Amino acid sequence: MLFPDYRARRLRETPNFRRMIRETTLLVDDLILPLFAVTGKGIKKPIASMPGQFHLSCDMLVKTVKEAHDLGIPAVMLFGLPDKKDSLGTGAYAESGIVQQAIKAVKDAVPDIAVLTDVCLCQYTDHGHCGMIQDGRIDNDSSLDLLARVALSHARAGADMVAPSDMMDGRVGEIRQTLDEEGFSNTPIMSYAVKYASAFYGPFRDAVSSAPKFGDRKTYQMDPGNAIEAIREATMDIEEGADIIMVKPALSYLDIINRLKDEIDLPIAAYSVSGEYAMIKAAEIMGWIDGQKVVMETLLSIKRAGADMILTYSAIEAAKAINSREY
Ligand code: PBG
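Thresholds applied
- Residues numbered from 1 in each chain as written.
- Predicted model: local features only at pLDDT ≥ 70, side-chain atom pairs only at ≥ 80, totals over all residues.
- Heavy atoms only, no water.
- UniProt positions renumbered as here; feature names shortened; annotations may be inferred.
- Helix = DSSP H or I, 4+ residues; strand = E, 2+ residues; numbered from the N terminus.
- Contact = heavy atoms within 4.5 Å.
- Near = heavy atom within 4 Å.
- Polar contact = N/O pair within 3.5 Å; in protein donor to acceptor, adjacent residues only side chain to side chain.
- Areas by Shrake-Rupley, 256 points an atom, 1.4 Å probe, with all protein chains shown as cover.
- 1 Å grid on protein atoms, 1.4 Å probe; cavity = no way out; pocket = protein on both sides within 12 Å on 5 of 7 lines; lining within 4 Å.
- Sits in = over half its atoms within 2 Å of the grid points.
- Nonpolar A, V, L, I, M, F, W, Y, C, P; charged D, E, K, R; others polar.
- Patch = residues over 30% accessible without salt bridge, like charges linked within 9 Å, V, L, I, M, F, W, Y side chains within 5 Å.
- Salt bridge = Lys/Arg side-chain N within 4 Å of Asp/Glu carboxyl O.
- Lys, Arg positive; Asp, Glu negative; His and termini not counted.
- Charge placed at Lys NZ, Arg CZ, Asp CG, Glu CD.
- Buried < 20%, exposed > 50% of the residue type's maximum accessible area, 1.4 Å probe, protein only.
- Right-handed = clockwise from strand over helix to strand, strands pointing away.
- Pairing = 2+ DSSP bridges.
- Points joined across faces, edges and corners; volume = space filled by probe spheres on them.

Under an unreviewed UniProt entry, the name given to the chain is Delta-aminolevulinic acid dehydratase, and the source organism is Desulforapulum autotrophicum. Quoted verbatim from the Pathway (unreviewed entry) field of UniProt, the annotation for the chain is "Porphyrin-containing compound metabolism; protoporphyrin-IX biosynthesis; coproporphyrinogen-III from 5-aminolevulinate: step 1/4." What UniProt records for the chain under Sequence similarities (unreviewed entry) is the sentence "Belongs to the ALAD family."

Here the focus is the environment of Gly 241. For Gly 241, the location among the structural elements is in the loop between α7 (228-240) and β10 (244-248). Along the sequence, Gly 241 and Ala 193 sit 48 residues apart, while their C-alpha atoms lie 12 Å from each other. If we skip the residues at most four places from it in the chain, Gly 241 touches Val 172 and Arg 176.

Attention shifts here to the site of the ligand. Residues in contact with the ligand amount to 18 residues; listed here are only the nearest, Lys 195, Arg 205, Lys 248, Ser 274 and Tyr 313. Within the contact set of the ligand, a nitrogen atom lies 3.4 Å away from a side-chain nitrogen or oxygen of Lys 248. Between the ligand and Tyr 313 there is a distance of 2.6 Å, counted from an oxygen atom to a side-chain nitrogen or oxygen. Isolated, the ligand exposes 400 Å² of accessible area, and the fraction of that covered by the protein chains is 100%. Of all the cavities here, the one that holds the ligand is the largest cavity. Grouping the amino acids of the shell around the ligand by side-chain chemistry returns ten nonpolar, three polar and five charged.

Mapped onto the elements of the fold, Lys 303 is located in helix α10 (residues 291-305). Of note is the side chain of Lys 303, whose polar atom sits 3.0 Å from the side chain of Asp 30. Dropping the residues within four chain positions of it, Lys 303 is found in contact with Thr 24, Thr 25, Leu 26, Leu 27, Asp 30 and Ile 310.

Together, Arg 7, Arg 9, Arg 10 and Arg 12 line one region of the surface with positive charge. Among the structural elements, Arg 10 can be located in the segment before α1 (15-21). By relative accessible area, Arg 10 is classed as partly exposed at 46%.

Attention now goes to the UniProt feature "binding site: 5-aminolevulinate 1" (unreviewed entry) in the chain. The residues that UniProt annotates with the feature "binding site: 5-aminolevulinate 1" (unreviewed entry) are Arg 205 and Arg 217. The annotated residues that sit in the lining of the largest cavity are Arg 205 and Arg 217. Checked against the element boundaries, Arg 205 lands in helix α6 (residues 202-208). Structurally, the position occupied by Arg 217 is in the loop between α6 and α7. Sequence-distant contacts of Arg 217, defined by excluding residues within four places in its chain, comprise Cys 122, Gly 128, His 129, Cys 130, Ala 197, Arg 205, Ser 210, Ala 211 and Pro 212. Reaching out from Arg 217, the side chain makes a polar contact with the backbone oxygen of Gly 128 at a distance of 2.8 Å.

Right, let's get into the pairing of strand β11 (residues 268-272). Looking down a regular strand, the side chains alternate between one sheet face and the other. With respect to burial, β11 is a largely interior element, five of its five residues being buried. Of the two faces of β11, the one lined by Ile 268, Ala 270 and Ser 272 and the one lined by Ala 269 and Tyr 271 are each fully buried. Each parallel crossover has a hand, and for β10 linked through helix α8 (residues 254-263) to β11 it is right-handed. Examined bridge by bridge, β11 and strand β12 (residues 309-312) share four bridges and lie parallel to one another. Looking at the pairing, Tyr 271 lines up with Leu 311 of β12.

Within the span of helix α11 (residues 315-323), buried status applies to Ala 315, Ile 316, Ala 318, Ala 319, Ala 321 and Ile 322. On its buried face, α11 sits against β1 (31-38), α2 (58-70), α10 and β12. Directly beyond the C-terminal end of α11, a positive phi value near 55 degrees is found at Arg 325.

So, about empty space enclosed by the protein. Taken as a whole and judged by the stated rule, the model has three cavities of 30 Å³ or more. Space inside the largest cavity adds up to approximately 150 Å³. Surrounding the largest cavity, 19 residues form its lining, Cys 122, Lys 195, Tyr 201, Phe 204 and Lys 248 being those nearest its centre. Class assignment for the residues of the lining of the largest cavity results in nine nonpolar, five polar and five charged. Size it by volume and the second largest cavity reaches roughly 60 Å³. Lining of the second largest cavity is provided by Ser 272, Glu 276, Tyr 277, Ile 280, Val 295, Thr 298, Leu 299, Thr 312 and Ser 314. Elements with a contribution of two residues or more to the lining of the second largest cavity: α9 (274-285) and α10. Considering only residue class, the lining of the second largest cavity consists of four nonpolar, four polar and one charged.

Given below as structure tokens:
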């Protein structure tokens, strides 16, 4: 069909037509809000590298969770900043650790929101790596037991879903087995299955001071050049018992999200990470872009690529825009 029989502009003419033919719609249901918990009371400390995001003590965190819940956001993802770090990351699986406290506080105050937790060691280890160090290397197998302990401690504290982000091989299977043995066979695992060794995590690492003290994360996170390997990573985690497969970061990896959508039959989560957030905020603060519009366009593109849910630091502003039909 060639011009003038087909005129694409006919159906772009009015807002109603545009609404009627829109192929992808962003819903508040799609959003997951990541939050950073710290010890103490009354603390709401701005994170310099992520304008609009805060370190929150449990009482303040609960307020933000309430706001998210009132807007209809179905889930939050909790990260913790421990007071002390050590070589074994013991703060990550301590019964009264910061995330464990935050889970309880949120489940007490806002029982209806789903509490997801990031399962990792890097914020809790003094060397800043996501696994154990042996002979100067990040040792895979000795890390698995600790990661499973972290996941179990979160489940015991009341987490509705656990999300391992460490990228050790075999950790989903180990966590699944531990949860099953300890009476948490109904607790789902969202696996950070396809997590790239990305410079886009920079602002997050500043926010939680989790940058590795030596080396980098390239021996466990994926090479940004690889796409077929993403299918292998996802398939492996599905076989080990993952319930949701995550791709991270999102914006530079839309092709990966799209490819996985075709290749796997589990729900796909995409994590629009700190660097993506910071870039938009920085340009917005400079007055160079309309931040809110750019946020909505990027979230829509991530959903269009195939994500069923999106972890985004902009979840609250996005939910407000969706609820007032401003996008
Ligand atoms: C922990 C973890 C990281 C992020 C989520 N979980 C950092 C990393 O892998 O270095 C990044 C989140 C973000 O940048 O928003 N392993």
